[in-house]
Amino acid sequence: MRYKFFLVLLFSFALKGFAQYSVSGKVLDGSGKQALAFVNIAIIGTQQTTSSDIDGKFFLSSSEPIVGILFTYVGYDSYKYTLGDDKDIIVKMQKKTFDLSAVTITPGENPAHRIIKLASKNRDKNNPERIKSYECKTYSKMYWDLVFNNEEVNDRKDSLKSDSLKSKLRIFSENAHLLMMESVTERKFLYPENLNETVVATKVSGFKDPSFSSSATDLQPFSFYDDYFRILGKDYLNPITSGSTSKYFFVIEDTLFQGKDSVYIISFRPRKGKNFEALEGVLYINTNGYAIQNVIASPFEKGLVEVKIQQQYKYIDNKQWFPEQLNYELHYKKYPTKFMGMKLVGKSYISDVNLSPNLKKKDFGIETVLLEKDAGHKSNNYWQLQRTDTLDERERKTYRVIDSIGKKQHFDRIQNVFEGLTTLQIPISFISVDLNRIFGFNDYEVIRGGLGLHTNDKLTKWINVGGYIAYGYSDSITKYGFDAKVYIKKRSKDFYIKALYSKDIAEPGRSQYFYTKYNFNRNQLTFRMDYIEQMELSLNFRAFKYLTANLAYNKSFRIPKYNYIFLPNRVDPTETSIGFRSTEIRLRGRYAYKEKLIQSFGQLLSDGTDYPVVYFAYTKGLKMNSAVAKYDYDKVSFGIEKSFLIKNLGRTKLLLEGGYLNGNVPYSFLFNGNGSYLKGGFLYVENTFQTMGLYEFLSDKYVNLFFSHNFGSLLFKRPKFQPQFVIYSNAGIGNLNHPEQQTNLGFKTMEKGFFESGLLINNVVKVNYYNIVYLGFGGGAFMRYGPYAEAKIENNLTYKLSLVISF
């Protein structure tokens, strides 16, 4: 017994040496509603520190009793908490009353610059998307909330009604979210650009079978290391990019000690007088590799939508900093009403990080984001295992209430309608209405009305059949067509066989525009049309991962609806001068290397690519017996388009296009000049010649180059006046064999070269549209010069209007 007592005594002394005093809690702002991420937390009287996570939670432990805790945070008053017997505490911090944006003057070189330059120097080493490969799992949670402003409603007639509505909505928002989403994804990466994120589970309040999900990168990139950080389609200069010290003003706000490492807390904002898309916020730089440990950032310039992002990194396997938590907030302050805004909050938690998986290129499919078939049907037990924390009462009530509303209001049907809107196909039972066919207008028909119907997946996922009918007001001709698709792969909408027959109209000389959808503004200008009856059988497929292609056999009969004669037909008894028969075999393709494809809403949506997109088409005209087709020709078209950002200068866009035709063919099969000028027309039409008439030039071989550069607000920027300057320069050259055979058209040939340049000033006038977006109106001028310039200068000028939509 004495031995046992002595052993227990020794054990108790050992335990005392390892005794742990601990406290946990959460840090909130003064309102008690907003969690504060990355708050500096220190045990008073020691050098032991920690920081709150993205949710404001923290945990402290010590071998000595914890008497007091000091909380410090940029922009907030420091707070000392005297600890009693509490083991779980709530701390509320108050914002400072002075203006943090006041100019801070430091003698000599700013000490923060050394740290920022070291962080910039080590960007590639610390960037998780520069390592050889990785795998990780992400649990994400997103919810929409109503946020009430302090502004009162001024209309006395509606005050009672508004107060009643406000009261009901406020009660609802205090007890439940408007919408809540959860997802679990598995992310894998292989350097340099192979990326796949598989959504293995998704849950959306109100929906039984959601075809969409939330993601860690919905509103922000996966890491904070590239030169530019993209938020809502706008590129902001990263504060740790090279040369950032001349653009941003940095201040060391505090220093924390974590073991042998120090963490510098550095605030940043744009320097006065610097015109660029800037962020403001706080960086936490760890001296271990001078890596980002935490970052809080938001656009410096506030608009209708305020955005804040937060990222937290963890040092994994003693070799690599890697994102641990990602957070974002998007706040519409005055939408839907002046007294009530909306806030979207997203949180992502990254776990199961593997920094050396055995990955190969063949492990990556075409989809960047792939939604698994059963992702929307996971059990409650599955979700309980995946969540980082149990749902609180407000979140549980969101699912109960919104699921009940969704069942009564048929949210899944609304989802089907939204899926249809992305393709302009609205489902009604097993039939979809084609919105493209309902209404249109152009200078030939003036107004075009019609109806298009097709079967959808509710009838069968393998076959799609339908047709359309349309009528033009000006030409008084009924048009119609029928088609059928057979999908060869059930889950792939890119692989199908299609047959069609139609009697309709088509603009002559437009066949080179295979690589983009017809420009809406350009289509409305069209006044020259062919009546075309055609039959076609085609195969659509995807090959080499990034190539989509279409192989077709087409027979058509065209009748020009304008005064035109093709001279060779006048001496050929088998053809009249009013119609042209053709038989073609055609191959068209689009190659977008490393294009990011996201599976959502029942289809693959493109998120673009950083590489040039290449388009091509080859058409072989077959000369068969005279009753079928007469024209033997080869026709090649191509296009290459690229958009890229130049650091501190803006964004450049380029389009190079060309075509070559070998054979003697009528006007309909040649290339028009791609002009968009009409007298009295003032709309800017992208990737066209603004000073060239629609049918001014004709070619059987040509090359065009369209160049534009948008400086954004880099050249001139004031708080309430921020015009954007865009310069243009376009050139084209072409030729036509036997122009004398194309009669009554009054065209020119382009062998001398066509040149024009212009300037648009966008956002001269900015209008707030119902607190949703800004409509920016502007304008400018284009001038043609060179061999085809007119004698009078004023005849070479055309004036254009522009419209830009922004937040």
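Residues numbered from 1 in each chain as written. Predicted model: local features only at pLDDT ≥ 70, side-chain atom pairs only at ≥ 80, totals over all residues. Heavy atoms only, no water.

1. Observations regarding the overall build of the protein chain
Piece 1. Counting its regular elements, the protein chain contains eight helices and 46 strands.
Piece 2. Along the longest, intermediate and shortest principal axes, the C-alpha atoms of the protein chain span 125 × 65 × 65 Å.
Piece 3. Here the protein chain holds 807 residues, and 48% of them are scored as buried.
Piece 4. Counting contacts in the protein chain only where the partners sit at least 6 residues apart, residues at least 24 apart contribute 63% of the total.
Piece 5. Carbon and sulfur atoms make up 57% of the accessible area of the protein chain, which totals about 41100 Å².
Piece 6. Averaged over its 107 positive side-chain charges, the protein chain has a centre that lies 1 Å from the centre of its 81 negative ones. (Helix = DSSP H or I, 4+ residues; strand = E, 2+ residues; numbered from the N terminus. Buried < 20%, exposed > 50% of the residue type's maximum accessible area, 1.4 Å probe, protein only. Contact = heavy atoms within 4.5 Å. Areas by Shrake-Rupley, 256 points an atom, 1.4 Å probe, with all protein chains shown as cover. Lys, Arg positive; Asp, Glu negative; His and termini not counted. Charge placed at Lys NZ, Arg CZ, Asp CG, Glu CD.)

2. A word on the sheet that holds strand S2 (residues 40-43)
Piece 1. Read across the open sheet, the four strands follow the order S3-S2-S5-S6; overall the sheet is antiparallel. Every interior strand has two partners, whereas the edge strands, strand S3 (49-51) and strand S6 (76-82), have only one. When strand polarity is set aside, the average angle formed by the axes of neighbouring strands in this sheet is 20°. (Pairing = 2+ DSSP bridges. Axes fitted to C-alpha atoms, helices over the stretch in contact; angles between N-to-C directions.)

3. Some details on the pairing of strand S42 (residues 724-735)
Piece 1. The alternating pattern of S42 places Gln 724, Val 726, Tyr 728, Asn 730, Gly 732 and Gly 734 on a buried face, while none of Phe 725, Ile 727, Ser 729, Ala 731, Ile 733 and Asn 735, on the opposite face, is buried.
Piece 2. When S42 meets strand S44 (residues 754-769), the two strands line up antiparallel, connected through nine bridges. By the bridge assignment, Val 726 is partnered in S44 with Leu 760.

4. Topic: the pairing of strand S11 (residues 228-231)
Piece 1. Residue alternation in S11 divides its side chains into a buried set, Phe 229 and Ile 231, and an unburied set, Tyr 228 and Arg 230.
Piece 2. The turn joining S11 and strand S12 (residues 234-237), which pair antiparallel and follow one another in sequence, is formed by two residues; a positive phi near 50° is taken by Leu 232.

5. Observations regarding the side chain of Gln 722
Piece 1. Mapped onto the elements of the fold, Gln 722 is located in the loop between strand S41 (701-710) and S42.
Piece 2. A distance of 2.5 Å separates a polar atom in the side chain of Gln 722 from a polar atom in the side chain of Glu 301.
Piece 3. With near-sequence residues (within four places) excluded, Gln 722 lies in contact with Glu 301, Ser 713, Phe 716, Lys 717 and Asn 763. (Polar contact = N/O pair within 3.5 Å; in protein donor to acceptor, adjacent residues only side chain to side chain.)

6. Let's talk about unusual backbone geometry
Piece 1. For the peptide bond that leads from Tyr 191 to Pro 192, omega is 10°, which places it in the cis range.
Piece 2. Relative to the elements of secondary structure, Pro 192 occurs in the loop between strand S9 (179-190) and strand S10 (194-204).
Piece 3. Despite not being glycine, Asp 352 shows a phi value in the positive range, around 50°.
Piece 4. Locating Asp 352 in the fold gives a position in strand S19 (residues 340-354).
Piece 5. Classification of Asp 352 by relative accessible area gives exposed; the value is 56%.
Piece 6. You will see that Asn 744, though not glycine, has its phi angle at about 70°, which is positive.

7. Digging into the nonpolar core
As a rule of thumb, soluble globular proteins bury nonpolar side chains together.
Piece 1. Counting 45 residues, the largest nonpolar core has Phe 224, Leu 279, Leu 283 and Ile 292 as the members making the most contacts within it.
Piece 2. Val 39, Phe 71, Ile 89 and Val 91 belong to the second-largest nonpolar core, a separate cluster that totals 27 residues. (Core = buried A, V, L, I, M, F, W, Y, C linked by side-chain atoms within 4.5 Å.)

8. A word on the pattern of salt bridges
Piece 1. Overall, the coordinates contain 38 salt bridges when judged by the stated rule.
Piece 2. For Asp 504, the salt bridge identified is with Arg 448, shortest N-O distance 3.0 Å. Here Arg 448 lies in strand S24 (residues 448-455) and Asp 504 lies in strand S27 (residues 496-506), a separation of 56 residues in the sequence.
Piece 3. When its relative accessible area of 8% is taken as the criterion, Asp 504 is described as buried.
Piece 4. For Lys 701, the salt bridge goes to Asp 700, with nearest N and O atoms at 2.9 Å. (Salt bridge = Lys/Arg side-chain N within 4 Å of Asp/Glu carboxyl O.)

9. Quick notes on the packing of aromatic side chains
Piece 1. Considering all chains together, one arrives at 46 aromatic pairs under this definition.
Piece 2. Geometrically, the ring pair formed by Phe 38 and Tyr 284 is edge-to-face, given 5.9 Å between the ring centres and 70° between the ring planes. Taken together, the residues span a long stretch of sequence, with Phe 38 in the loop between strand S1 (21-29) and S2 and Tyr 284 in strand S15 (residues 279-286) at a distance of 246 residues.
Piece 3. Under the relative-accessibility criterion, Tyr 284 is labelled buried at 1%.
Piece 4. A network of ring pairs unites the aromatic residues Tyr 562, Tyr 564, Phe 566, Phe 580, Tyr 631, Tyr 633, Tyr 667 and Phe 669 as a single cluster.
Piece 5. The ring of Phe 148 has Arg 170 lying over it, and the distance from NZ or CZ to the ring centre is 4.4 Å.
Piece 6. Residue placement shows Arg 558 over the ring face of Phe 669; its charged tip is 5.8 Å from the ring centre. (Phe/Tyr/Trp six-rings, centres within 6.5 Å; stacked < 30°, edge-to-face > 60°. Lys NZ or Arg CZ within 6 Å of the ring centre and 35° of its normal.)

10. Focus: the sheet that holds strand S4 (residues 57-62)
Piece 1. The mixed open sheet is built from three strands, whose spatial order is S4-S1-S7. This sheet does not close on itself; its edge strands, each paired only once, are S4 and strand S7 (88-93). Strand-to-strand twist across the sheet, computed as the mean angle between neighbouring axes with direction ignored, equals 30°.
Piece 2. Inspection of the sheet shows S1 paired to S7 by six bridges, in the parallel sense. From the neighbouring strand, Lys 26 faces S7, where its bridge partner is Ile 90.

11. With respect to the environment of Lys 555
Piece 1. Counting through the fold element by element, Lys 555 comes out in strand S29 (residues 547-560).
Piece 2. Measuring from C-alpha to C-alpha, the distance between Lys 555 and Tyr 684 comes to 36 Å, with 129 residues separating the pair along the chain.

12. Thoughts on the environment of Lys 720
Piece 1. Structurally, Lys 720 can be placed in the loop between S41 and S42.
Piece 2. Note: C-alpha distance between Lys 720 and Val 765 (45 residues apart in sequence) is 9.9 Å.

13. Overview of the confidence of the model for the protein chain
Piece 1. This prediction gives the protein chain a mean pLDDT of 87; 91% of its residues lie at or above 70.
Piece 2. Contacts for the low-pLDDT stretch residues 1-19, under 50 throughout, to residues beyond four places or in other chains number two contacts.
Piece 3. Within the model, the stretch residues 513-518 combines pLDDT values under 50 with 20 contacts to residues more than four positions away or in other chains. (pLDDT = per-residue confidence, 0-100.)

14. Some remarks on the environment of Asp 494
Piece 1. Relative to the assigned elements, Asp 494 resides in the loop between strand S26 (478-487) and S27.
Piece 2. Between the C-alpha atom of Asp 494 and that of Thr 423, which follows or precedes it by 71 residues, the distance is 14 Å.
Piece 3. With residues near it in sequence (within four places) discarded, Asp 494 still touches Asn 540, Phe 541, Arg 542 and Leu 604.
Piece 4. Polar contacts involving the side chain of Asp 494 include one to the side chain of Arg 542, which spans 3.1 Å.

15. As for helix H6 (residues 393-409)
Piece 1. Spanning 17 residues, H6 covers 24 Å between terminal C-alpha atoms, matching the ideal 24 Å at 1.5 Å per step.
Piece 2. Among the residues of H6, Glu 395, Thr 398, Tyr 399, Ile 402 and Gly 406 are the ones counted as buried. End-on, the buried residues of H6 take up no more than an arc of 95°, which puts them together on one face. What points out from H6, more than 90 degrees from its buried face, is the exposed set Lys 407 and Lys 408.
Piece 3. Taking the backbone nitrogen of Arg 394 as reference, a side-chain oxygen 3.2 Å away marks Asp 392 as the first, capping residue of H6. (Expected span 1.5 Å × (residues − 1). Arc of directions from axis to C-beta.)

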